[in-house]
Amino acid sequence: MNEARFVCACATARHVARTLTQLYDTALSDTGLEAPQFALLMAIEQIGPCNQSALGERYALDKTTVSRNLKWLERQGWVHVSIGKNRRERELTLTAEGRKRLTAAHPKWRNAQALLRSEMSEAEWKAMFRAFEKITEAAQRAKHRRRGAV
């Protein structure tokens, strides 16, 4: 990393996230999905029927981002939102059209993955995911420790 840059974990992570999002958005451009929407469809497919809170917690997504993207996905007919068990919750499921859209977008996503991976060695690729995992764990511990101190 260039030492002339502002040394801030948050700013750097946001820069990385924006750069990766742009790569995946470009790859997905003709699918009708952007990277965050693709990620939500993938998450709902992997988790199965779930509520917005569970989805946000599992993937550390803020409520506003999840809500905005889910509303758009619902308007497209790719996600169905129904009343959950306690009537306040909303249960999210993929529709047949959502699965179809996700299946069609998968090859484009795989191409973006392969392109990124081709720019890194195997060791760098694995180290990136280890670093992401460690950063996530450290930030969660720090957040919980801060809550306890307040």
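Quantities reported herein were computed from a predicted structural model and do not represent experimental measurements.

Parameters and conventions
Along each chain, residue indices are assigned from 1 in the same order as the chain's sequence is written. Owing to the predicted nature of the model, reporting of local features is limited to residues with pLDDT of at least 70; listing and counting of side-chain atom pairs is limited to 80 or more, with chain, interface and lining totals taken over all residues. The basis for the side-chain values is all heavy atoms of the structure; hydrogens and waters are excluded. Helix and strand assignments follow DSSP, with helices taken as H or I runs no shorter than four residues and strands as E runs no shorter than two, numbered in order from the N terminus. Partly exposed describes any residue whose relative accessible area lies between the buried limit of under 20% and the exposed limit of over 50%, with all areas from a 1.4 Å probe on protein chains only and scaled to the type maximum. Whether two residues are in contact is decided by their heavy atoms: any pair within 4.5 Å suffices. Any Lys or Arg side-chain nitrogen found within 4 Å of a carboxyl oxygen on Asp or Glu counts as a salt bridge.

Take the overall build of the protein next. Counting its secondary structure elements, the protein contains six helices and three strands. In sequence order, the protein lays out its α and β elements as α-α-β-α-α-β-β-α-α. For the C-alpha atoms alone, the extent of the protein along its principal axes is close to 50 × 45 × 25 Å. For the protein, buried positions account for 23% of its 150 residues. A separation of at least 24 residues holds for 49% of the contacts in the protein among residues at least 6 apart in sequence.

Inspection of every chain in the model, using the stated rule, returns three salt bridges. Between Lys-108 and Asp-30 there is a salt bridge whose closest N-O contact spans 3.4 Å. With Lys-108 in helix H5 (residues 96–118) and Asp-30 in the loop between helix H1 (9–28) and helix H2 (35–47), the pair connects residues that are 78 residues apart, well separated along the chain. A cluster of three or more residues bridged by salt bridges with shared partners is formed by Arg-117, Glu-122 and Lys-126.

These figures capture arrangement, not role.
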